[in-house]
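Chain by chain, the residues:
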Protein chains: 2
Amino acid sequence: MEVHQVVSGAAGGEVPARCGAGLFSALDKVRRALVAFGAKLAKIARDDPRRVAHSLKVGLALTLVSVLYYVRPIFINWGVSTMWAVLTVVVVMEYTVGGTLIKGLNRAFATLLAGFIAVGAHKVAYLCGNNGEPVVLAIFVFLLASAATFSRFIPEVKARYDYGVTIFILTFSLVAVSSYRVEELIRLAHQRFSTIAIGVATCLFTTIFVCPVWAGEDLHNLAAGNLDKLADFLEGLESECFRENAPGENLESKPFLQVYKSVLNSKASEDSLCNFAKWEPGHGNFYFRYPWGLYQKLGALSRQCASSMQALASYIITLTKSQYPEANMELCLKVRAACGEMSLNSAKALRELSEAIQTMTAPSPARTHMSAAIRAARGLRAELSQDADLAKVMHVAVIASLLSELVTQTKKIAESVDNLARVARFKDPEDTQKDVVINVVS
Amino acid sequence: MEVHQVVSGAAGGEVPARCGAGLFSALDKVRRALVAFGAKLAKIARDDPRRVAHSLKVGLALTLVSVLYYVRPIFINWGVSTMWAVLTVVVVMEYTVGGTLIKGLNRAFATLLAGFIAVGAHKVAYLCGNNGEPVVLAIFVFLLASAATFSRFIPEVKARYDYGVTIFILTFSLVAVSSYRVEELIRLAHQRFSTIAIGVATCLFTTIFVCPVWAGEDLHNLAAGNLDKLADFLEGLESECFRENAPGENLESKPFLQVYKSVLNSKASEDSLCNFAKWEPGHGNFYFRYPWGLYQKLGALSRQCASSMQALASYIITLTKSQYPEANMELCLKVRAACGEMSLNSAKALRELSEAIQTMTAPSPARTHMSAAIRAARGLRAELSQDADLAKVMHVAVIASLLSELVTQTKKIAESVDNLARVARFKDPEDTQKDVVINVVS
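Residues numbered from 1 in each chain as written. Chains lettered and ligands numbered in written order. Predicted model: local features only at pLDDT ≥ 70, side-chain atom pairs only at ≥ 80, totals over all residues. Heavy atoms only, no water.

1. Here's the deal with the overall build of chain A
Each helix and strand in chain A was counted, giving 16 helices and zero strands. Expressed as a percentage of the 442 residues in chain A, the buried residues total 49%. For chain A, the computed accessible surface area is about 21400 Å², with 62% contributed by carbon and sulfur atoms. (Helix = DSSP H or I, 4+ residues; strand = E, 2+ residues; numbered from the N terminus. Buried < 20%, exposed > 50% of the residue type's maximum accessible area, 1.4 Å probe, protein only. Areas by Shrake-Rupley, 256 points an atom, 1.4 Å probe, with all protein chains shown as cover.)

What follows is the structure in structure tokens.
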């Protein structure tokens, strides 16, 4: 009894202390996690302060539209339909003006169209008597929802009217189905459309007049930024590989070998920005019906360029100093100098083009850097053609080298599939053969 | 008068005839457009019959859920809240099981969470008296909507819970705002949640049990299909460029030079399929927690391979027969044969890997084709290293060639920017200088 008391007494003194330490360390962990999270949020806000503005704009639009609820005369007139204004603001508000415009117009027109068709369907179903009505309505809903869903697989519809089709199905089903219970269908449809129109108008007002974010401007800056990234790669190449005292080693960790990668993946955001930009009214230097499609063409060329850079990069990485040829030193130095010229001048030309886009000034017709790069490429070709044997074999040799690079990449793919087969426990081909044998035997 | 009559008589005979002909040709045009549209729809359906099944499934789910409206006891219990079941089905039904699951779970949990918080906000606002209540509610809506919108800029939230955040804002605003007018808030929230749960359950039932489309399966087939496309390119290369009697001309129009392009743009759909697949329950050969992430790694390698192919393709196009070297014929023939070996065997290896994925059988460890390709690459290197000068210069020469290809691409970019500057009427740099001069003078 005494022993027990002593033990429990000791434990009683230790446990709170341990608990306290544990609690303290847990609190410290939570505090650290919160600080890290706060820093992350701050970085997101700093990277693009328009994000904060957008968040506040959504809050503003919602608060504006919820006033409808609080004002007594409006509420008595529209009743529960006021809800649709709130709903519209939440789903229609997008980051860019163009995005909001597309969604708002899609919503408004799809609601109008579906409302008309649904009222028609109701009239037809009404003729079928009390028992027939729900059956006819259900058939209508089934047919229209199926047809509208199928239309979303048409690429043109998917690109432009995807949201509109959703709203069409939604409105048609709601109006058609509720027509069975609601007496004053036309009044209800009218109320709903007015509230949706008010919601769309609130969204457009806040996106256009409070710190607007134009998709067109973002597309424009994306194009210029992509060209800058391509220039970064070429500049890095020049300073790390072709300059006289260039290190030319440990290239894998250099940032310039990663910079073009975001250009390769820019297609999706470019396409959606272009789609939005086409709907935006004129703003700043961008007039209505500005040739936005040309940015997509420029983007495709930039991505092709980045693709070539990726091929070059995987080749460059394997080029360590030791592999630099020692025989025919003179020619090699010449080639190296020409490579430096080509990359530096191309980089400068790209920077010039990027600046021309940013300032919206026509690029200077002189093109000093571009012609210097072309001259260097031509000079190299002329230089090499003096060594007849070399020049003539080179083209084939380049293709052979690229192909052997492809073989290496195929090997990597094979290893990746092996890994997948192991982790995902693919069937063993020998087991399968055994199964077949057993089947035959049995 | 007589003349006039005659003329008008003649015209009277002609006009209906012309009208008839015009009407007929217009009808014919409409008929043709309809036939073309029908053919297009039929092609979309033939390309993937699951699209038709999906459309019918959406119709079925909507019809099932609209039954709630027609059954009197249910309607009396839930009233207008039944509408939320219809709304949920329309927005939650996605093409794949994983997509529907993510949207459904997001919707259900976001509604539950936002509902609880909104009821809490209502209790707080209620304490502030009749005049203070709308003001406090408006402040809550503003703060929560802004904060939730900002959270969508966090990449992790954007990828997984984007839809959930929308629903959170929506539910919170609706419940908080309508709490000012609606008496039985808890009952309303309960009704709404039950109807949403019913909507989600209906969607899940139809997507999982009626012809399910699994995102995981699509991802799996996409990976195998990409490898097949890479193999197509290499096979085309072998037969069109490196075989003994290969034409090697007019390569630009060949389909094999286009086939890898869809691989380059597969990242977006791969990422979303992978995101969906992770949520799907086990099905067929794919167990729950299947290593879907490995498909993304394989996809990245495939895209890098396609990128190298693009670089090679732009190089191959410029290779016409006339450019084939005539000097050093023997070496060239050897290089050509080695190229043929490399591309054919790599293609076969890729086909084998694609088949291994399709049948989910571990690829044979022998790797006859892969080793043949590697052997050919090694043999070529050995062959070339006999000509010491050539071997040592080649690596540098390849880089130089790739760079001069980049110069050509930069030139194309410059032309594209020029075109943009002309069409979009960029400022003339000389005009700007003049403006500056005028400003200085004035």
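Still more to cover.
2. Thoughts on a nonpolar patch on the surface
Residue and element names in this part refer to chain A. Residues Phe109, Leu112, Leu113, Phe116 and Ile117 make up a contiguous nonpolar surface patch of roughly 520 Å² in combined accessible area. Relative to the helices and strands, leucine 112 is located in helix α5 (residues 97–126). Residue leucine 112 is classed as partly exposed on the basis of its relative accessible area, which comes to 33%. (Patch = residues over 30% accessible without salt bridge, like charges linked within 9 Å, V, L, I, M, F, W, Y side chains within 5 Å. Salt bridge = Lys/Arg side-chain N within 4 Å of Asp/Glu carboxyl O.)

3. Quick look at the domain arrangement of chain A
Residues and elements named next belong to chain A. Parsing chain A into structural domains produces domain 1 (47–209) and domain 2 (215–437). On the domain 2 side, the residues contacting the 10 residues of domain 1 number seven residues. With both chains or domains summed, domain 1 and domain 2 bury close to 860 Å², and 65% of this area falls on carbon and sulfur atoms. Its largest share of buried area at the contact with domain 2, domain 1 owes to Thr96, Ile102 and Arg160, together 42% of the area lost on that side. Summed over the shared surface of domain 1 and domain 2, the number is one salt bridge. Here arginine 50 makes a salt bridge to aspartate 218, at a shortest N to O gap of 3.0 Å. Of all elements in the fold, only α5 and α7 (155–178) reach the threshold of two or more residues within the side of domain 1 that touches domain 2. Here the element with the most residues in the side of domain 1 that touches domain 2 is α5; it accounts for six residues. (Domains from an automatic or database assignment. Contact = heavy atoms within 4.5 Å. Buried area = accessible area lost by both parts, 1.4 Å probe.)

4. Re the packing of α5 of chain A against helix α8 (residues 185–209) of chain A
Residue and element names in this part refer to chain A. Here α5 crosses α8 at 175°, and the two axes come no closer than 9 Å. Classified by the angle between their axes, α5 and α8 sit roughly antiparallel to one another. Where α5 approaches α8, its residues Val97, Thr100, Leu101, Gly104, Arg107, Ala108, Thr111, Leu112, Val119 and His122 are matched on the opposing element by Leu185, Ile186, Phe193, Ile196, Val200, Cys203, Leu204, Thr207 and Ile208. Taken together, the residues of the contact of α5 with α8 break down into 13 nonpolar, five polar and one charged. (Axes fitted to C-alpha atoms, helices over the stretch in contact; angles between N-to-C directions. Parallel < 35°, antiparallel > 145°, perpendicular 65-115°, else oblique. Nonpolar A, V, L, I, M, F, W, Y, C, P; charged D, E, K, R; others polar.)

5. Quick look at the pattern of salt bridges
All names here are of chain A. For the structure on display, the rule yields 30 salt bridges over all chains. When the shortest N-O distance is used, the salt bridge between aspartate 232 and arginine 351 registers 2.5 Å. Of this pair, aspartate 232 sits in helix α9 (residues 215–242) while arginine 351 sits in helix α13 (residues 329–359), placing them 119 residues apart in sequence. For aspartate 232, a relative accessible area of 31% puts it in the partly exposed group.

6. Re the confidence of the model for chain A
All names here are of chain A. When the pLDDT values of chain A are averaged, the result is 82; 84% of them are 70 or greater. When the criterion is pLDDT under 50, residues 1–12 qualifies, and its contacts beyond four places in sequence or with other chains add up to one contact. Between residues 435–442, whose pLDDT stays under 50, and residues either more than four places distant or in other chains, the model counts zero contacts. Scoring of the predicted complex yields 0.82 for pTM and 0.80 for ipTM. (pLDDT = per-residue confidence, 0-100.)

7. A short note on the relation of the copies chain A and chain B
Screw-axis analysis of chain A against chain B gives a translation of 0.0 Å along the axis, an RMSD of 0.1 Å, and a rotation angle of 180°. In short, the pair behaves as if placed about a two-fold rotation axis. A share of 100% of interface residues in chain A that are also interface residues in chain B marks the association as one of identical surfaces. (Least-squares fit on C-alpha atoms with pLDDT ≥ 70 in both.)

8. A word on the environment of threonine 195 of chain B
Relative to the elements of secondary structure, threonine 195 of chain B occurs in helix α8 (residues 185–209). Put simply, threonine 195 of chain B and methionine 83 of chain B are 112 residues apart on the chain and 8.0 Å apart in space, counted from C-alpha to C-alpha.

9. A few points about the UniProt feature "transmembrane region" (unreviewed entry) in chain A
All names here are of chain A. According to UniProt, the feature "transmembrane region" (unreviewed entry) maps to residues 108–128, 135–155, 161–181 and 193–215 in the numbering used here. The span residues 108–128 is 90% helical and 0% strand by assignment, and the distance between its end C-alpha atoms comes to 31 Å. Between the end C-alpha atoms of residues 193–215 there is a gap of 28 Å, over a span that is 78% helix and 0% strand. (UniProt positions renumbered as here; feature names shortened; annotations may be inferred.)

10. Section: unusual backbone geometry
For arginine 425 of chain A, which is not a glycine, the phi torsion comes out positive at approximately 50°. As for its placement among the helices and strands, arginine 425 of chain A is situated in the loop between α15 (388–423) and α16 (429–441). The phi dihedral of arginine 289 of chain B falls on the positive side, at around 65°, and the residue is not glycine. Along the chain, the position of arginine 289 of chain B falls in the loop between α11 (267–277) and α12 (293–317).

11. What to know about the interface of chain A and chain B
For interface size, the figure often reported is the accessible area lost on association. Between chain A and chain B, the contact holds 145 residues from the first and 145 residues from the second. Between chain A and chain B the total buried area reaches about 13100 Å² when both faces are included, carbon and sulfur atoms providing 77% of it. Where chain A meets chain B, there are two salt bridges. The residue glutamate 156 of chain A makes a salt bridge to lysine 40 of chain B at a minimum N-O spacing of 3.0 Å. Inspection of the chain A/chain B interface yields 19 residue pairs in polar contact (both at pLDDT 80 or more). A per-element tally of the side of chain A that touches chain B places α15 of chain A first, with 30 residues. Its residues placed into classes, the side of chain A that touches chain B shows 95 nonpolar, 32 polar and 18 charged. (Polar contact = N/O pair within 3.5 Å; in protein donor to acceptor, adjacent residues only side chain to side chain.)

12. A look at the side chain of threonine 88 of chain A
Residues and elements named next belong to chain A. With respect to the helices, strands and loops of the structure, threonine 88 is situated in helix α4 (residues 82–92). A distance of 2.6 Å separates a polar atom in the side chain of threonine 88 from the backbone oxygen of tryptophan 84. Sequence-distant contacts of threonine 88, defined by excluding residues within four places in its chain, comprise Arg107, Ile196, Gly199, Val200 and Cys203.

13. Description of the packing of aromatic side chains
Applying the stated rule across the entire model yields 24 aromatic pairs over all chains. Through a chain of ring-to-ring contacts, the aromatic side chains of Phe286, Tyr287, Tyr290, Trp292 and Tyr295 of chain A assemble into a single cluster. Of note, lysine 103 of chain A hangs over the ring of tyrosine 163 of chain A, and the distance from its end group to the ring centre comes to 4.7 Å. The ring centre of tyrosine 287 of chain B lies 4.7 Å from the NZ or CZ of arginine 425 of chain A, which sits over that ring. (Phe/Tyr/Trp six-rings, centres within 6.5 Å; stacked < 30°, edge-to-face > 60°. Lys NZ or Arg CZ within 6 Å of the ring centre and 35° of its normal.)

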